[in-house]
Amino acid sequence: MKEATGLDLRVLAAGGTIDFARDHIDLAIRRSDFPLPPSVDTTTLAAERMGPVVRSDLAEAGGDTLPLLYSESRPDAWRTWSEAGGARYTGAAIRYQHFYLAIQAAEAGQGVAMASIHMVADAIASQLLAAPHGFLPDGTNYLAIWPADAIDPRRSRLIGWLKDRLTAPVA
């Protein structure tokens with residue numbers, strides 16, 4: 001990526017508000033699930049799309065009664081998906097501290113996780129995971145966020161590159 005844009009990328013797993021100065025960040029990617037201050041500019045990269053995922057061999061065996069893998073970092077994901085028209089699951093709940101842990105548990109065959117298409121596209125393409133009921137928009141978007149007063153002509157190339165990658169799995 002550095003050759004294409006002349007930028008050094010640093011990946012920090014975080015959510016919520018951003019302190020650009022403290023963290024030495026020029027551009028952040030976040031879901032639109034928190035209020036944005038007026039001191040930032042944004043552009044939408046892709047819509048968030050969520051759906052249940054299960055290890056492929058368990059989906060073939062009828063995974064609708066497997067344990068539901070919940071994430072404390074997205075506690076309403078199952079409810080939001082069901083309200084958007086998703087199928088009902090009846091399995092017992094198992095809770096994990098983070099979204100990625102629930103996805104890893106699904107990969108290990110521990111149950112059915114609610115996941116973002118953007119986080120599991122490769123696992124589905126390789127047939128490690130299956131998404132038996134597909135993915136539905138959850139009402140949030142992934143945003144590129146930067147300080148409103150920051151000028152960097154390389155930003156548009158990076159944003160274009162990110163949009164291409166984020167929209168490819170759901171096209």
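Refer to the structure printed above.
Residues numbered from 1 in each chain as written. Predicted model: local features only at pLDDT ≥ 70, side-chain atom pairs only at ≥ 80, totals over all residues. Heavy atoms only, no water.

## A short note on the overall build of the chain
In step 1: Across its full length, the chain holds 7 helices and 7 strands.
In step 2: Seen in sequence order, the chain has helices and strands lined up from the N terminus as α-α-β-β-α-β-α-β-α-β-α-β-β-α.
In step 3: Across the 171 residues of the chain, 39% fall into the buried class.
In step 4: For the chain, contacts bridging at least 24 residues in sequence account for 77% of all contacts bridging at least 6.
In step 5: For the chain, the exposed surface amounts to about 9,700 Å²; the carbon and sulfur share of it is 51%.
In step 6: The averaged location of the 20 negative side-chain charges in the chain is 2 Å from the averaged location of its 16 positive side-chain charges. (Helix = DSSP H or I, 4+ residues; strand = E, 2+ residues; numbered from the N terminus. Buried < 20%, exposed > 50% of the residue type's maximum accessible area, 1.4 Å probe, protein only. Contact = heavy atoms within 4.5 Å. Areas by Shrake-Rupley, 256 points an atom, 1.4 Å probe, with all protein chains shown as cover. Lys, Arg positive; Asp, Glu negative; His and termini not counted. Charge placed at Lys NZ, Arg CZ, Asp CG, Glu CD.)

## A short note on the pairing of strand β7 (residues 136–147)
In step 1: Bridge count for strand β1 (residues 28–31) against β7 is 4 bridges, and the pairing is antiparallel. Within β7, the position partnered with Ala 28 by the bridge is Ile 145.
In step 2: Note: strand β2 (residues 40–55) against β7, 9 bridges, orientation antiparallel. Its bridge partner lying in β7, Thr 44 is registered against Leu 143. (Pairing = 2+ DSSP bridges.)

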